[in-house]
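What follows is the residue order along each chain.
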Amino acid sequence: MTIVCATDDNFVQHCCVMLVSLLVNNDDVTVYVLTEGLLPENQAIIRDEVEAKGGTVSFLNVAPEVIDRFPMPPGAELAHISRATYYRLLMPELLPQDVDKVLYLDCDIVVNKSIAPLWHTDLKGMAMAAVPQVGFGSEAVRLGYPISYGYFNAGVTLMSMTYFRQNNLCRQLMDYIAQNYDRIKYHDQDTLNAVLHNQCLHLLPQWNMTASIYKPYYSSLCDRQDGHIVNDYADAKRNARQHKHDPIILHYVSHPKPWQHNCYHPLYRLYYHYAAQTIHFSHIKPQNPLTQRWAVIRQQLILSAAMVKQKLFCY
């Protein structure tokens, strides 16, 4: 199993927790870490964690001048996203040429079970596989492709490097950014959706349980166009209900994240379960239970108002 992730010096702790969660639940793992240049001590930390759990790791450097050309849209809701998110667009050129398939994982993820079935997914001749975000079809409209394709989250992506190289997709992705600089909001995820929406195999949410699945209005989400439901996501919703309390891959896609103050995610403690199994971060503790409980109550009040608004929109 070949895993790729990307980090900078600010995210090493979370990268390590993700990798340890992966390695305690999966065997025969090779890891490539994309970076613009980690401090030697941080490289050593990641290497310690991976090798202690039986994996192997290599570091691949990305040229900063390449990343400098990519847009970083402003906004408080995007402040937690670093330029490291763009590294994955360069994977076909950075990885050894004999690597034909990779599973890319964001670092704000915990892997809670074996992901061998995901690794062995048949891509059916497509470029990649990813999980659509239920109710995010409006992003497709913003990017200019048919809403029927939906909009996938790129935090967990199974990618054919062979397909990318044979079809010169790196160049297509770079060209899209150059020609649509002002249209991009969600960084490389927008770029991948815009270019590969019709070359992506859709997976069920069990392989990327994002924050919206835990919202009370999740079951009412849909994609509408001209007053008609285009995507109702019935299968995805059914799958999400089945796995939400015991996830395979849990993705803390929104903030506040488990290591941030006032996190209200119902499974935020899973992050600390795997932090406790690391060498360097086992001392990290969750926030005070009373503080967390208040954060949950406050968020429930906010979501109750949002749920009323969503129902008015969808019905």
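Throughout, a residue's number is its position along its own chain's written sequence, starting from 1. For this predicted model, a pLDDT threshold of at least 70 governs which residues receive local features, and a threshold of 80 or more governs which side-chain atom pairs are given and counted, while totals over whole chains, interfaces and linings are taken from all residues. Side-chain metrics in this entry use all non-hydrogen atoms of the structure; hydrogen atoms and water are not considered.

Enquirer: Just to check I follow, could you spell out the confidence of the model for the protein chain for this structure?
Expert: Interpretation of the predicted coordinates at a detailed level should be avoided for regions scoring low in pLDDT. By definition, pLDDT measures how confident the predictor is in each residue, and it falls between 0 and 100. Per-residue confidence for the protein chain gives a mean pLDDT of 88; residues scoring 70 or more make up 84%. Segment residues 76–81 is flagged for pLDDT under 50; beyond a separation of four residues in sequence, or across chains, it makes 12 contacts in the model. Here a residue-residue contact requires only that any non-hydrogen atoms of the pair lie within 4.5 Å.

Enquirer: Whenever I open this one, the packing of helix α1 (residues 12–25) against helix α2 (residues 40–52) confuses me. Can you help?
Expert: Think of two packed helices as two axes; the pair is described by the angle between the axes and how far apart they sit. Under this scheme, a helix contributes an axis fitted over its contacting stretch, all axes are lines through C-alpha atoms, and angles between N-to-C directions fall in the 0 to 180 degree range. By the criteria applied, helices consist of DSSP H or I runs no shorter than four residues and strands consist of E runs no shorter than two, each listed in order from the N terminus. For the pair α1 and α2, the least separation of the axes is 9 Å and the interaxial angle reads 15°. Here α1 lies roughly parallel to α2, going by the angle between them. Pair α1 / α2 crosses with right-handed handedness. On α2, the residues touching V12, C15, C16, L19, V20 and L23 of α1 are N42, I45, I46, E49 and V50. Roughly parallel means an angle under 35 degrees; roughly antiparallel means over 145; roughly perpendicular covers 65 to 115; every other angle is labelled oblique. Less than a right angle of anticlockwise turn of the near helix away from the far helix marks a crossing as left-handed, whereas a clockwise turn marks it as right-handed.

Enquirer: Hey, could you run me through unusual backbone geometry in this one?
Expert: Residues apart from glycine generally show negative phi values, whereas peptide bonds are mostly found in trans. Even without being a glycine, N168 presents a positive backbone phi close to 50°. Note on placement: N168 falls in the loop between α7 (161–166) and α8 (169–179). The residue Y233 is not glycine, and still its phi comes out positive at about 60°.

Enquirer: In this structure, what is going on with the side chain of N42? I would like to understand it.
Expert: Position of N42 relative to the elements: it lies in helix α2. Burial here depends on accessible area, computed with a 1.4 Å probe over protein chains only, as a share of the maximum for the residue type. Under 20% is buried, over 50% is exposed, and the range in between is partly exposed. Residue classification places N42 among the buried residues on the basis of a relative accessible area of 12%. A 3.5 Å cut-off defines polar contacts: any pair of N or O atoms within that distance qualifies, except that in protein one atom must be a possible hydrogen donor and the other a possible acceptor, and neighbouring residues in sequence count only when both atoms are side-chain atoms. Of note is the side chain of N42, whose polar atom sits 2.7 Å from the side chain of D9. Ignoring any residue separated from it by four or fewer positions in sequence, one finds N42 in contact with D9 and V12.

Enquirer: I would appreciate a short explanation of the sheet that holds strand β4 (residues 101–105) in the present structure.
Expert: Strands in a sheet are paired, the pairing made by backbone hydrogen bonds, and the direction either parallel or antiparallel. For two strands to pair, DSSP has to find at least two bridges joining them. Spatially, the seven strands line up as an open sheet ordered β3-β2-β1-β4-β7-β6-β8, and their pairing is mixed. The strands lining the two open edges of the sheet, one partner per strand, are β3 (56–61) and β8 (200–202). Shown here is a sheet whose adjacent strand axes are inclined to one another by a mean of 30°, direction ignored. Inspection of the sheet shows strand β1 (residues 2–6) paired to strand β2 (residues 30–35) by five bridges, in the parallel sense. The residue bridging V4 from the neighbouring strand is Y32, located in β2.

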